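Examination of the molecular architecture
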Amino acid sequence: MSFWGSSVLDRAGVQTEDPISEYSLIWTVHSSGPGSHTVHNPPLPLRVHCRICPPLQGLFLSLQMESSTSVLCFLLPILLSLTSTLSTNSEGNALHALRSRLSDPTNVLQSWDPTLVNPCTWFHVTCDSNNRVIRLDLGNSNISGSLGPELGQLQHLQYLELYRNNFEGKIPKELGNLKNLISMDFYDNKFEGKIPKSIAKLKSLRFLRLNNNKLTGSIPRELATLSNLKVFDVSNNNLCGTIPVDGPFANFPMESFQNNRFSGPELQGLVPYDFGC
Amino acid sequence: MAISKVIIVFPLLCFLSSTISILCDPHPLVCNETEKHALLSFKHAFSDPKHSLSSWFAQEDCCGWNGVCCHNITGRVVDLDLSNFGLVGKFSPALFQLEFLNYLDLSWNDFGGTPIPSFLGSMQSLTYLDLSFASFGGLIPPQLGNLSNLLHLRLGDADSSYKPQLYAKNLRWISHLSSLELLFMYEVDLHREIQWVESISMLSSLSKLLLEDCELDNMSPSLEYVNFTSLTVLSLYGNHFNHEIPNWLSNLTASLLQLDLRDNSLKGHIPITIIELRYLNVLYLSGNQLTRQIPEYLGQLKHLEGLSLGYNSFDGPIPSSLGNLLSLISLSLYGNRLNGTLPSSLWLLSNLQTLEIGNNSLADTISEVHFDKLSKLKYLDMSSTSLTFKVNSNWVPPFQLGQMRMSSCQMGPNFPTWLQTQTSLLYLDISKSGIMDIAPTSFWKWASHLQWIDLSDNQISGDLSGVWLNNILIRLNSNCFTGLLPALSPNVTVLNMANNSFSGPISHFLCQKLNGRSKLEALDLSNNDLCGELPLCWKSLQSLTHVNLGNNNFSGKIPDSIGSLFSLKALHLKNNGLSGSIPSSLRDCTSLGLLDLSGNKLLGNVPNWIGKLAALKVLCLRSNKFIAEIPSQICQLSSLIVLDVSDNGLSGIIPRCLNNFSLMAAIETPDDLFTHLEYSSFELEGLVLMTVGRELEYKGILKYVRMVDLSSNNLSGSIPTELSQLFGLRFLNVSKNHLMGRIPEKIGRMTSLLSLDLSTNHLSGEIPQSLADLTFLNRLNLSYNRFWGRIPLSTQLQSFDAFSYIGNAQLCGAPLTKNCTEDDESQGMDTIDENGEGSEMRWFYISNGLGFIVGFWGVCGALLLKENWRYAYFQFLYDIRDRVYVAAAIRLNWFHDNWRRLLVT
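Here, residues in each chain are numbered from 1, in the same order as that chain's written sequence. Here chains are named by letter from A upward and ligands by number from 1 upward, in the order in which they appear as written. For this predicted model, a pLDDT threshold of at least 70 governs which residues receive local features, and a threshold of 80 or more governs which side-chain atom pairs are given and counted, while totals over whole chains, interfaces and linings are taken from all residues. Only hydrogens and water are set aside when side-chain values are computed; all heavy atoms of the structure are taken into account.

**Focus: the overall build of chain B**
Going by this rule: A helix here means a DSSP run of H or I that spans at least four residues, while a strand means a run of E at least two residues long, and both kinds are numbered starting from the N terminus. The reference for a compact globule is 2.2 Å times residues^0.38; the radius of gyration itself is calculated from the C-alpha atoms. We call a residue buried when its accessible area falls under 20% of the maximum for its residue type, exposed when it is over 50%, and partly exposed in between, using a 1.4 Å probe and counting protein chains only. Surface accessibility follows the Shrake-Rupley procedure with a 1.4 Å probe radius. Residue values consider only the protein chains on display as shielding. Working convention for charge: Lys and Arg count positive, Asp and Glu count negative, and His plus the chain ends are omitted. The atom standing in for a charge is NZ when the residue is Lys, CZ when it is Arg, CG when it is Asp and CD when it is Glu.
Looking only at helices and strands, chain B has nine helices and 51 strands in total. Since a compact globule built from 905 residues should have a radius of gyration of about 29 Å, the 41 Å found for chain B marks it as more spread out than a globular shape. For the C-alpha atoms alone, the extent of chain B along its principal axes is close to 140 × 80 × 75 Å. A burial count over chain B gives 54% of its 905 residues as buried. In the structure as shown, chain B presents an accessible area of about 38,000 Å², 56% of it carried by carbon and sulfur atoms. On chain B, the mean spot of the 61 positive side-chain charges and the mean spot of the 79 negative ones are 8 Å from each other.

Listed below in structure tokens is the structure:
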């Protein structure tokens, strides 16, 4: 028998008496976890702390060589604050919260292990060199479920690719916090509700493809201020009102708007923008 | 003297033996011959490896046989107790002839999955029938319902690998067993029986009902009333109930003492009717999905001695009424979402031996006074909480703990020297507890009696040069320990001292003389400052299965003797200064699943015998000096999930057989992929890999990685089309080689690809349109090749910046700034065959044809059309003919003359 299975280390091992010994009613039951009846190893901790000791030592050594203790006093708080921010893993928590909302029949998200220090080794998640999430590539992955406000915490996200899935519910307005977002591809899903106005805050946005969903309401007028927008597609939705004509909207082809209930291009000053909604 | 002693002792012995036999069978009557023969033929149906039935001889009185007891008047066999006799075989129908058999216990034997014989149902005199843990299989005969005198019935499995497993379609037959007092079933498949409560509830004498791991789905939650009101023990552990705790339980008011509903999927909250069970002393509800707060009214169950509510989803605070349960010996609230502070009444539970509140969001500061009354405490778990344990380091606690689990619970910054008062402690886990202090030398002396010690992930320092470690499991990793490596006792099984600052050589440490054979199985010394050569004494460490010596300064060769580690499963030697070649003795390590030799100075070929390591899943030879071809034998490693040979001097072609990596060809990951590779859930195999252009550590999810990295070598030839059959591959890097030809056209079928790097080669042709199908691609590098034409359009392909495509002068389209012209388009019109070869051949034939047409008609067309050219041409031909004719005639004459002259001479 392997050491791990030996009863010496089982929690039962410390029990001296067995007050109610009857059949399989074992007195010490703490080790019972869902779905397993064998001896349990201690459960894994939720977070693994960042190892800060050896880097500090390295710093000490290098600084001692320079024999400049004032620099040490200056750098130490900075270094400590840096390590503490790294160990919080708020982005991993946000993504894990997203995962808990989703149904993932083809196990695309099976590598999303919340006990890891950061989400950078999770598949379909890409980080920059500072371990900040910059891409989320989940196109065509049979995922269903809805998005939540937590996605707004991925402050450094540039590419949010969720196309060709079964996402439903509203597009959270918190996505307006993703100020570095370059691409938002939600096409071929079941998103409903309005296109949040907050998307107009995404000044870096180049690709916005929301086609083939069940979106309603009008195209937020404010989207015309997105000067970097190169590709825009809202075709095959249930949108209404008029289509902006200024800013980047001057260049988008008509196919980007077809199969909606638009009442035509915006006639500035003549008809209210939301006319027909 | 001696003889006289014998004279006295012998009759005494005779007397004793006769009294013993009289106790069981006072009559000189021998047992019934029919029954004896029945028992003998029952015996013959078994093999008896433990010789438990060696007393069963035809010549002997069967009433004296081992396990047989006869009635003291009739001499008929009444008891047959063969429990744990180690018998293997079948149930002989001969037993049916024991018509007065009252007690039959065949538990813990092996009936090899054969069914329980239905004739047992005719043995009316049976009152006790135990067939549990005897590996019976198939349908439980409903005839057992005829045993109307039965008091105890125990059925269940021992080896569930026999199929079909023991099962019952329904339990209606049980309702006829009107005298039944105990019913125990274990791992009997009862999922077909929906109304089991109704069937069993008829048994008014039933006192103990245990249906454990029986695949039951339903406890009839709507049922209002049950008849088994004398039930004292109810255990329905490990079934699949996914409804609320049923109301009928409160019918059992007067009788129920023990209720065990662990490991089901019970929902909702604990109903108030539970307080009707006023004599309850055991309530186990752990491992369910119970929600809301732990109710205050549980405090009314004054007789409770064991309360387990762990592994549920209870939230809110711990109710202070639990402090009323003064008989409580064991309290487990582990793994819920409990928050708030601990109620002060908790510290009044003076009988408490087990207190388990870990893995909750509890936040409080606990000091010495809290434990004043808990003098019986033996087991304490506060791990993974926000509790702060603030006690004086010279505290003398009133208790003597056996186990203490305080991981991720604030205990620092001072070292808890009070631990040394705990002389019975076997298990200590104070990892991640914020200790930033020196561990005193006296601590190590005290710690030598522990079995399990985990101080990992703190900032504990100290020089361990003179320390002797004697624990079965030792985890000191990620601390600030210094000095030479400590001395080890042969008891040490797991030793993790990674991420410290240990220095010096390891030979003295591993090769020291031990009093006994080393039991060391897992050794992790990675990320230290160790140096010198690797030890040669591996032969004396043959229980080793996991070795990690990576990121140190070891030098010299990998010793041949490492091949004597026959059980080796993982060997990490990465980032050292090791030289020489891979020792061929390693071919004997056939269990090897992970081999990481990257970042050394290893030379020579990648050995051919590597194909013999059939268990190999991870092979990393990155950044060494390996040369020559990648041996095609590597394709025999069908379980390989990571192949990294980048940054070497490998030449030749990429083997075409890489599609033999069947785990990379499959999309799904088998659940048990790493079961045999990883030491335990505590010591997961981690690996730093360059998957996406930078180093990332894969730990815990390594089993999901599928990677082929052949980059930075001198490989030539084309990318084999077979590579595109690795449908599960996630990371592919063949950059910085001399590869030619095209990207395999079917690359779009590798839909799991996350990162694809083909940069800095001589690849050419158009980028296949199918690349647009790779929707998961988050990193692509095609730069510095000879691709031409338009970059295919897809959401992913245009989401990369121009750096993914630069260095291909004839490539156009977004995201490159160069727009595509008509030329680029027309070049793209031609369909492209796989691998480019076919299309090159087609061009060859087309140009051949064109050349022929131009050449033929250029000449003949001109002759046809222009009359004087035609005359001149044919004139010229006649002229040539005449000249040849004349020349031939002259030569022939000369030849004839010479010939004749030769014959004459």
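**Some details on the pairing of strand β6 (residues 128–131) of chain B**
Residues and elements named next belong to chain B. Applicable threshold: Two strands make a pair as long as DSSP finds a minimum of two bridges between them.
Across the two faces of β6 the burial is the same, with Tyr128 and Asp130 and Leu129 and Leu131 all buried. Across three bridges, the pairing between strand β5 (residues 103–105) and β6 is parallel. Bridge pairing in β6 links leucine 104 to leucine 129. Across four bridges, β6 lies against strand β7 (residues 152–156) in parallel orientation. Bridge pairing links aspartate 130 to arginine 154 in β7.

**Digging into the sheet that holds strand β30 (residues 501–504) of chain B**
Residues and elements named next belong to chain B. The condition that has to hold: Interaxial angle, 0 to 180 degrees, is taken between N-to-C directions of lines fitted to C-alpha atoms, where a helix line uses only the stretch in contact.
Strand order in the open sheet made by the six strands is β24-β27-β30-β32-β34-β36, with parallel pairing throughout. A single partner strand is all that each edge strand has here, and the edge strands are β24 (461–463) and β36 (577–579). Strand-to-strand twist in this sheet, taken as the mean axis angle between neighbours without regard to direction, amounts to 15 degrees.

**Notes on the confidence of the model for chain A**
Residue and element names in this part refer to chain A. Going by this rule: Every residue gets a pLDDT, meaning the predictor's confidence in that residue, from 0 to 100. Only heavy atoms matter for contacts: two residues are in contact if any of them lie within 4.5 Å across the pair.
For chain A, mean pLDDT is 74; residues scoring 70 or higher make up 64% of the total. Mean pLDDT per element in chain A: helix α1 (residues 53–66) is the minimum at 41, and strand β5 (residues 159–161) is the maximum at 96. Of the regions scoring below 50 in pLDDT, residues 1–87 engages in 154 contacts with residues more than four places distant in sequence or in other chains.

**Things to note about helix α3 (residues 90–101) of chain A**
Every α-helix winds through 3.6 residues per turn, so residues three or four apart in the chain are directed the same way. All names here are of chain A. Selection rule: One less than the number of residues in a helix, times 1.5 Å, gives the span that helix is expected to have. Within this analysis, the arc is defined by the directions that extend from the helix axis to the C-beta atoms.
Taking 1.5 Å per residue as the helical rise, α3 with its twelve residues ought to reach 16 Å, and the 17 Å between its terminal C-alpha atoms agrees with that figure. Looking only at α3, the buried set comprises Glu91, Gly92, Ala94, Leu95 and Leu98. Angular distribution of buried residues about the axis of α3 spans 160 degrees; they occupy a single face of the element. Buried-residue contacts for α3 involve β1 (102–103), β2 (125–127), β3 (133–137) and β4 (144–146).

**Considering the packing of aromatic side chains**
Quick note on the threshold: Pairing of aromatic rings covers Phe, Tyr and the six-membered ring of Trp, with a centre-to-centre limit of 6.5 Å; geometry is then stacked below 30 degrees between planes, edge-to-face above 60, and tilted otherwise. Cation placement over rings: the criterion is NZ of Lys or CZ of Arg within 6 Å of the ring centroid and within 35° of the ring normal.
As enumerated under the stated definition, the model contains 41 aromatic pairs over all chains in all. With 5.8 Å between their ring centres and 40 degrees between their planes, phenylalanine 232 of chain A and phenylalanine 257 of chain A make a pair best called tilted. Here the residue phenylalanine 232 of chain A occupies a position in strand β11 (residues 231–233), and phenylalanine 257 of chain A occupies one in the loop between β12 (238–243) and β13 (261–265), the gap between them amounting to 25 residues. Aromatic rings pair up to connect Phe42, Phe46, Phe91, Phe96, Phe111, Phe119 and Phe136 of chain B into one cluster. The cationic tip of arginine 154 of chain B hangs over the ring face of phenylalanine 184 of chain B; the distance from NZ or CZ to the ring centre is 4.8 Å.

**Quick look at helix α2 (residues 33–44) of chain B**
Residues and elements named next belong to chain B. In plain terms, the rule: Side-chain atoms alone can form a polar contact between residues adjacent in sequence; in general such a contact is a pair of N or O atoms within 3.5 Å, and within protein one must be able to donate a hydrogen while the other accepts it.
Look at α2: 16 Å from first C-alpha to last across twelve residues, which is about the 16 Å you get at 1.5 Å a residue. Against β1 (46–47), β2 (68–70) and β3 (77–81) lie the buried residues of α2. Put simply, asparagine 32 is the residue that caps the front of α2, since its side-chain oxygen is 2.8 Å from the backbone nitrogen of threonine 34.

**As for unusual backbone geometry**
Note the cis peptide between alanine 814 of chain B and proline 815 of chain B, where omega equals 5 degrees. Note on placement: proline 815 of chain B falls in the loop between β51 (810–812) and α7 (822–829). Even without being a glycine, histidine 124 of chain A presents a positive backbone phi close to 75 degrees. Its place among the elements puts histidine 124 of chain A in the loop between β1 and β2. One non-glycine residue, tyrosine 784 of chain B, lies in the positive phi region at around 55 degrees. Relative to the assigned elements, tyrosine 784 of chain B resides in the loop between β49 (779–781) and β50 (786–790).

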